[in-house]
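Residues per chain, in single letters:
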Amino acid sequence: MGDIGILQVVSNDVLELIFEELRRCDSWAHYCAMRLLCKTVNELLEAQAFSSVTIGFTEQNMETISDLLRMLASATTPHARWTRHLRVHNLVPLAEDGWTVWDRLKTGPNRERLLACQNEWLIPAIKSLPRVEEVEFSASSREPYHSALSSLAELPQLRILKVWFNHPFQPSSDVPLSRFSNLESVELHDVVLSMPILDGVKQLVTNSPSLQKFVITRYRWSLGSSVPTLSFVTFDTVIEDLLRASAFTPTLKRFDIDVGGFHLKGSCFPFLACLTHLDIRGLSRKGISPTFWRGLKHSGIHLQRLAVQPLDKSIIDYLLSYDGLREISLNYTQSIHDGPDADTIVSRFFHSVVPHHRDTLQEICFGCGGREPWVASGMFPWIVNEAYLEALSLCKSLEHLDVVYFYPSPNEKVRYLTVPLDILLATLSESLPLLQKFGLMHIRDFHKYKGSAYGHEAFYNKVAKAFITHARRSMDRCSQRLRFSLSVIGPSCTTTGSFTRYHIPVKKDCLEQGADEDVSDSDADSVISSDSEGCTGIYLCD
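Summary of the structure given here. (Residues numbered from 1 in each chain as written. Predicted model: local features only at pLDDT ≥ 70, side-chain atom pairs only at ≥ 80, totals over all residues. Heavy atoms only, no water.)

1. Thoughts on the overall build of the chain
Here is step 1 of the chain: Within the chain, the regular secondary structure consists of 17 helices and 17 strands.
Here is step 2 of the chain: Counting every atom, the chain has about 25700 Å² of accessible surface; 52% of that belongs to carbon and sulfur. (Helix = DSSP H or I, 4+ residues; strand = E, 2+ residues; numbered from the N terminus. Areas by Shrake-Rupley, 256 points an atom, 1.4 Å probe, with all protein chains shown as cover.)

2. Describing the nonpolar core
Here is step 1 of the chain: In this structure, Phe 137, Phe 214, Phe 235, Phe 262, Trp 293 and Phe 438 are the most contacted members of the largest nonpolar core, which totals 141 residues.
Here is step 2 of the chain: Among the elements that take part in this core, helix α16 (residues 453-477) stands out by supplying eight residues, more than any other.
Here is step 3 of the chain: If sequence neighbours within four positions are ignored, Phe 214 has contacts with Val 186, Leu 188, Val 201, Val 205, Phe 235, Leu 252, Arg 254, Phe 255 and Asp 256.
Here is step 4 of the chain: The next biggest cluster of nonpolar side chains, apart from the first, holds six residues, and it includes Leu 15, Met 34, Val 41 and Leu 45. (Core = buried A, V, L, I, M, F, W, Y, C linked by side-chain atoms within 4.5 Å. Buried < 20%, exposed > 50% of the residue type's maximum accessible area, 1.4 Å probe, protein only. Contact = heavy atoms within 4.5 Å.)

3. Considerations on empty space enclosed by the protein
Here is step 1 of the chain: Enumeration over the complete set of coordinates arrives at three cavities of 30 Å³ or more.
Here is step 2 of the chain: In this structure, the second largest cavity spans a volume of roughly 50 Å³.
Here is step 3 of the chain: Lining of the second largest cavity is provided by Ser 208, Pro 209, Leu 211, Leu 242, Phe 248, Thr 249, Pro 250, Thr 251, Leu 252 and Phe 271. (1 Å grid on protein atoms, 1.4 Å probe; cavity = no way out; pocket = protein on both sides within 12 Å on 5 of 7 lines; lining within 4 Å. Points joined across faces, edges and corners; volume = space filled by probe spheres on them.)

4. What to know about a nonpolar patch on the surface
Here is step 1 of the chain: A cluster of nonpolar side chains, Val 14, Ile 18 and Leu 22, forms an exposed patch at the surface whose accessible area comes to about 210 Å².
Here is step 2 of the chain: Turning to its location among the elements, Ile 18 is positioned in helix α2 (residues 12-25). (Patch = residues over 30% accessible without salt bridge, like charges linked within 9 Å, V, L, I, M, F, W, Y side chains within 5 Å. Salt bridge = Lys/Arg side-chain N within 4 Å of Asp/Glu carboxyl O.)

5. Observations regarding the packing of helix α7 (residues 109-127) against helix α8 (residues 145-153)
The relative placement of two packed helices is expressed as an angle between their axes plus a distance between the axes.
Here is step 1 of the chain: Here α7 crosses α8 at 20°, and the two axes come no closer than 9 Å. When the interaxial angle is binned, α7 and α8 end up roughly parallel. The way α7 lies across α8 gives a crossing that is right-handed. Listed contacts from α8 to Ile 123, Ile 126 and Lys 127 of α7 are Ser 147, Ala 148, Ser 151 and Leu 152.
Here is step 2 of the chain: Split into classes, the residues belonging to the contact of α7 with α8 amount to four nonpolar, two polar and one charged. (Axes fitted to C-alpha atoms, helices over the stretch in contact; angles between N-to-C directions. Parallel < 35°, antiparallel > 145°, perpendicular 65-115°, else oblique. Left-handed = near helix turned anticlockwise from the far one by under 90°. Nonpolar A, V, L, I, M, F, W, Y, C, P; charged D, E, K, R; others polar.)

6. Observations regarding the pairing of strand β6 (residues 213-218)
Sheet faces and side chains relate simply in a regular strand, where the side chains alternate between the two faces.
Here is step 1 of the chain: Of the pairings in the sheet, the one linking strand β5 (residues 185-191) to β6 comprises five bridges and is parallel in character. Bridging from a neighbouring strand, Glu 187 pairs with Val 215 of β6.
Here is step 2 of the chain: The handedness of the β5 to β6 crossover, carried by helix α9 (residues 195-206), is right-handed.
Here is step 3 of the chain: Of the strand pairs in this sheet, β6 and strand β8 (residues 254-258) are connected by five bridges, and their pairing is parallel. Its bridge partner lying in β8, Phe 214 is registered against Phe 255. (Pairing = 2+ DSSP bridges. Right-handed = clockwise from strand over helix to strand, strands pointing away.)

7. Comments concerning the packing of aromatic side chains
Here is step 1 of the chain: One pass over the full model with this rule turns up 15 aromatic pairs.
Here is step 2 of the chain: Here Phe 269 and Phe 292 contribute two aromatic rings whose centre-to-centre distance is 5.6 Å and whose plane-to-plane angle is 40°, an arrangement assigned as tilted. Linking Phe 269 in the loop between β9 (262-263) and β10 (277-279) with Phe 292 in helix α11 (residues 292-298), this pair joins segments that are 23 residues apart in sequence. With respect to class, Phe 269 is no different from Phe 292; both count as buried.
Here is step 3 of the chain: Ring geometry for Trp 293 and Tyr 318: centres 5.8 Å apart, planes at 45°, overall tilted. In this pair, Trp 293 sits in helix α11 while Tyr 318 sits in helix α12 (residues 313-319), placing the two residues 25 residues apart along the sequence. The same class applies to Trp 293 as to Tyr 318, namely buried. (Phe/Tyr/Trp six-rings, centres within 6.5 Å; stacked < 30°, edge-to-face > 60°.)

8. Concerning the environment of Leu 311
Here is step 1 of the chain: Within the secondary structure, Leu 311 sits in the loop between β11 (305-307) and α12.
Here is step 2 of the chain: Counting along the chain gives 20 residues from Leu 311 to Asn 331, while the straight-line C-alpha distance between them is 9.0 Å.

9. Quick notes on the environment of Ser 329
Here is step 1 of the chain: Topologically, Ser 329 is positioned in strand β12 (residues 327-331).
Here is step 2 of the chain: Distance from Ser 329 to Gln 309, taken between C-alpha atoms, is 8.6 Å for residues 20 residues apart in sequence.
Here is step 3 of the chain: Contact partners of Ser 329, with chain neighbours within four places excluded, come to Arg 281, Arg 305, Leu 306, Ala 307, Val 308, Glu 363 and Cys 365.

10. Some details on the pattern of salt bridges
Here is step 1 of the chain: Under the counting rule described, the total for this entry stands at 16 salt bridges.
Here is step 2 of the chain: Here Glu 134 ties to Lys 162 by a salt bridge, and the two come within 3.2 Å at their closest N and O atoms. With Glu 134 in strand β3 (residues 134-140) and Lys 162 in strand β4 (residues 160-166), the pair connects residues that are 28 residues apart, well separated along the chain. The same class applies to Glu 134 and to Lys 162, which are both buried.
Here is step 3 of the chain: In this structure, a network of salt bridges that share partners links the residues Lys 202, Glu 240, Asp 241 and Arg 244.

Right, dumping it as structure tokens:
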């Protein structure tokens, strides 16, 4: 009995639970080193320790990257058996001229040493990992993107591909996306629509008849006139060859498209027949055919998750045509079409769509696409009131909810009825037992002021901090113990004007004994640079 250790007594299932807990609590390096304890532990940990490989060239890893690539290329390490995830980034630029401002490595012996290592060992190392199923690749036109992508396309078990295009991406030849096949998930980020990219995407989709997830997002900054782009592309051109195949069977379940040049029409429906998740917030209004939503309805495509902007009557009609919506994401500043029917659309959303899907809705959330508070005029119809709160309270499965809350200036005429914040919090806590995250987008009738933008950013931040104080006091006054985390969201939560989400900590500090700070819009023009410097932004984000 004295020779029997714990590893012989405890089952492998129990050991795996113990090691999984150690993985969460300990460093990754220490966790991997534990496999050297004995053969049994090695058998349990080896697969996880060598499940992922990252290849990148920096001056910091100069001493180790060469040894890593040599070992990988030998195909004798455990990586050849166990690596399922491969990340390739930070390759050495092949040219010394051109966009030098983007270079991490300057001309010199370090760059030459890394370049020689890359030329000799990068491709053999990639080819020595035959069991890789998922690849993440950062593509730069100044780096050997063509040979790297071509070798990645030869991995026999590859099913998931994620590519980020580092700009300015100006390919000297074709982008070999067409060499990939049999993929189940494709993500292409920071894409600029050009003929080389479009041709590669078209062939990639055609080569992957079992594609279940397709994500394509656009590059959002100006490229200049040197990069030829396509301003309008019908998505039919991407899938036309796939749809012509005699054995075509729809498999796509998730489709995220954030490339403004694409246009979706009803002829896409055979490709979208199995769709459950659709995110088209990045498409312009002209990017969706007027018949698109009617086509989804008549084709029997029932989305479980929808992210869209702007909301209009045709989308409302589609959402009322079926049951089972779980998540809906909108954009506050572009959540509805401008016009006299804005209030009607929002009213139908809360009084018809929300109750219709009350048994399945788990998330109603918003983003904010406008940098400045005065841009967000489209938010006012969404201000939560008693009627909207009553509709939301019916959704017992809600786990994440964002609402717009009216927080007026002391000198602002109150034009919108809302619910006192402590009552709002208490009602949600009592009526939504599964709610985990609740976000408040505070708005007022901000005016567009003249003068220093920096000073006004400080003013908006001052308003945000005053509302956070108001929210914390409301939490203290709330009659119910909150079961969810509370966040303040919106562009005025930072001095940069970017969208953020500030989590309000739960703590008792007698704030309820004080009065709220009144920050008047008339104070905005009196904000001076010294005040601006002392008003720091709030950057605690999701």
